[in-house]
Amino acid sequence: MDQETANALFEQGACLLFFNAPPNLEFGIDYNAWTIGPLFKGIKMIPPGLHFIYFSATSKEGVQGMRTGFFHYFESKEILVREWNSQTEDLRDETELDPDQIERYKINIRDFDRNMGPYPLVPSTHYDKWTKLTNYISPGLVRRVLPNNGKVSHLPSKTLQEEDLLTVKDKRRGKSIEKEEGMEFTRFDVRQSFPEGATGDEVTRWSLDKSWLARDLLQRVYSNNHKLLLGEMQLAFVCLLMAQNFSGFNQWKQFVHLLCCCPDLMETDPSIFIDFIDVLQAQLDECPEDFFRDILSENNFVAHMLQNLGRDILPQQKALKTRFDKLRLFLLKRFKWELPESDEEEDEEDAPVVVEMD
């Protein structure tokens, strides 16, 4: 990178100042992570937009701790200040720091330049992947879902009654994980996808076809903008992928189940499902094979949902059928999964065919 480009990025990009880092701290932003120490003073040239900052302390015995982090929507030229708290092994945000000192840091930002690492943009592969995973996530969504300054927690919530806690099995540890503290994903139950007071026929219809629930959420929560709904699906997924947060996993599964079972909505608004497939494929493309096999595909969840989606595509929906067929080819190449053609009949219990490929 030449000096002129570097100066332009420094002036327009955001900065994260980070003080008092302990030795051997794993510190990262998006897809980039480093082992840092006390001389490290942060990241510069951060492209404006959503980013995930995370860290994991290492004990004296060399044991890596649980990854913790926060999402932040950086504005152009923004300077964010964080400081390591050795007692809590967490970060102090600006509300816990001396405001006059923070202002001095920001005025003298160039004094820290030599001890700040540039956001890796060359090659642009990782950043391109990150933007594809997060392109529908808005600042307002982050504030609503993660009201504690964007922090992703692994602590069980103390505000919900025990019977109301959402649980999901963490197969890596063989135990259930409760709904984490400070996570405010939109609450809905895909198993109750019919209106209150529905007749028996309506209960049957909208239990099989989740279109009523999808339309209700779009109108009530997402201002009839399906990209806001997909943004929450993206946020749930990156909470899982980057922070190993299983509230995110539970919410992601709910969205996939919902959007794969809406034939009535698909008939009236197929563009929603073209965008949904785009989002889903980008997410599956970032999954390691063992993660996809052991976590996302437990009980053939992904296979059954995509078979439902493919069966509901009407012959006249050419653009949607073409997009779904591209997804099928992607699954075959990436995971050696062969889903049926979108117009084929498929038994509910059938799993995808695993194809041996050289």
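Before going into details, it helps to say that this report is about the structure given with it. (Residues numbered from 1 in each chain as written. Predicted model: local features only at pLDDT ≥ 70, side-chain atom pairs only at ≥ 80, totals over all residues. Heavy atoms only, no water.)

1. So, unusual backbone geometry
- Although it is not a glycine, Asn 24 adopts a positive phi angle of roughly 60°.
- Examined against the element boundaries, Asn 24 turns out to sit in the loop between β1 (14-19) and β2 (25-29).
- Phi at Glu 89 is positive, roughly 50°, even though this residue is not glycine.
- Within the secondary structure layout, Glu 89 lies in the loop between β7 (79-85) and β8 (90-92). (Helix = DSSP H or I, 4+ residues; strand = E, 2+ residues; numbered from the N terminus.)

2. Re the sheet that holds β2
- Strand order in the open sheet made by the five strands is β3-β2-β5-β6-β10, with antiparallel pairing throughout. Two strands close off the open sheet at either side, each with one partner strand: β3 (32-36) and β10 (151-152). (Pairing = 2+ DSSP bridges.)

3. A short note on the packing of helix α7 (residues 226-243) against helix α10 (residues 271-285)
- Put simply, α7 and α10 touch, their axes get as near as 11 Å, and they point 15° apart. Our classification of the angle between α7 and α10 gives roughly parallel. When the axes of α7 and α10 are compared, the crossing they make is right-handed. Across the interface between the two elements, His 226, Lys 227, Leu 230, Met 233, Gln 234 and Phe 237 of α7 pack against Ser 271, Ile 272, Asp 275, Phe 276, Val 279, Leu 280 and Gln 283 of α10.
- A per-class count over the contact of α7 with α10 returns seven nonpolar, four polar and two charged. (Axes fitted to C-alpha atoms, helices over the stretch in contact; angles between N-to-C directions. Parallel < 35°, antiparallel > 145°, perpendicular 65-115°, else oblique. Left-handed = near helix turned anticlockwise from the far one by under 90°. Contact = heavy atoms within 4.5 Å. Nonpolar A, V, L, I, M, F, W, Y, C, P; charged D, E, K, R; others polar.)

4. Focus: helix α6 (residues 211-220)
- Residues of α6 that are buried: Ser 211, Leu 213, Ala 214, Leu 217 and Leu 218. The buried side chains of α6 occupy one side of the element, clustering within an arc of 165° when seen end-on. Exposed residues pointing more than 90 degrees away from the buried face of α6 are listed as Gln 219 and Arg 220.
- On its buried face, α6 sits against α5 (200-208), α7, α8 (246-259), α9 (263-268) and α10. (Buried < 20%, exposed > 50% of the residue type's maximum accessible area, 1.4 Å probe, protein only. Arc of directions from axis to C-beta.)

5. Side note on the pairing of strand β5 (residues 49-56)
- Extensive coverage of β5 is indicated by the burial of eight of its eight residues.
- Relative to β5, β2 runs antiparallel, the two being bridged by four bridges. Of the residues in β5, the one forming a bridge with Ile 29 is Ile 53.
- As paired strands, β5 and strand β6 (residues 68-74) are joined by seven bridges and run antiparallel to one another. Counterpart to Gly 49 in the pairing with β6 is Phe 74.

6. Some words on the environment of Val 256
- Along the polypeptide, Val 256 turns up in helix α8.
- Classification of Val 256 by relative accessible area gives buried; the value is 2%.
- Sequence-wise, Val 256 and Val 302 are 46 residues apart; in three dimensions their C-alpha atoms are separated by 8.2 Å.
- Leaving out residues up to four positions away in the same chain, Val 256 has contacts with Met 233, Phe 276, Leu 280, Phe 301 and Met 305.

7. A look at the environment of Ser 59
- Counting through the fold element by element, Ser 59 comes out in the loop between β5 and β6.
- Overall, the relative accessible area of 30% leaves Ser 59 in the partly exposed class.
- Linking Ser 59 and Leu 25, residues 34 residues apart in sequence, is a C-alpha distance of 9.5 Å.

8. Things to note about the packing of aromatic side chains
- Applying the stated criterion across every chain yields a total of 16 aromatic pairs.
- When the centroid spacing of 5.2 Å and the interplanar angle of 55° are considered together, the rings of Phe 27 and Phe 40 count as tilted. In this pair, Phe 27 sits in strand β2 while Phe 40 sits in the loop between β3 and β4 (42-46), placing the two residues 13 residues apart along the sequence.
- When its relative accessible area of 13% is taken as the criterion, Phe 40 is described as buried.
- Ring-pair connections join several aromatic residues into one group, and the members of that group are Phe 18, Phe 27 and Phe 40.
- For the cation-ring pair, Arg 82 lies above Phe 70, with the distance from its terminal atom to the ring centre recorded as 4.9 Å.
- Over the ring of Phe 301 we find Lys 253, and its NZ or CZ is 4.7 Å from the ring centre. (Phe/Tyr/Trp six-rings, centres within 6.5 Å; stacked < 30°, edge-to-face > 60°. Lys NZ or Arg CZ within 6 Å of the ring centre and 35° of its normal.)

9. Focus: the pairing of β2
- The buried fraction of β2 is high, at five of five residues.
- The two faces of β2 match: Leu 25, Phe 27 and Ile 29 on one face and Glu 26 and Gly 28 on the other face are all buried.
- Hairpin connection of β2 to β3: two residues between the antiparallel strands, including Asp 30 at a positive phi of 55°.

Any functional reading would require information beyond the geometric quantities listed.
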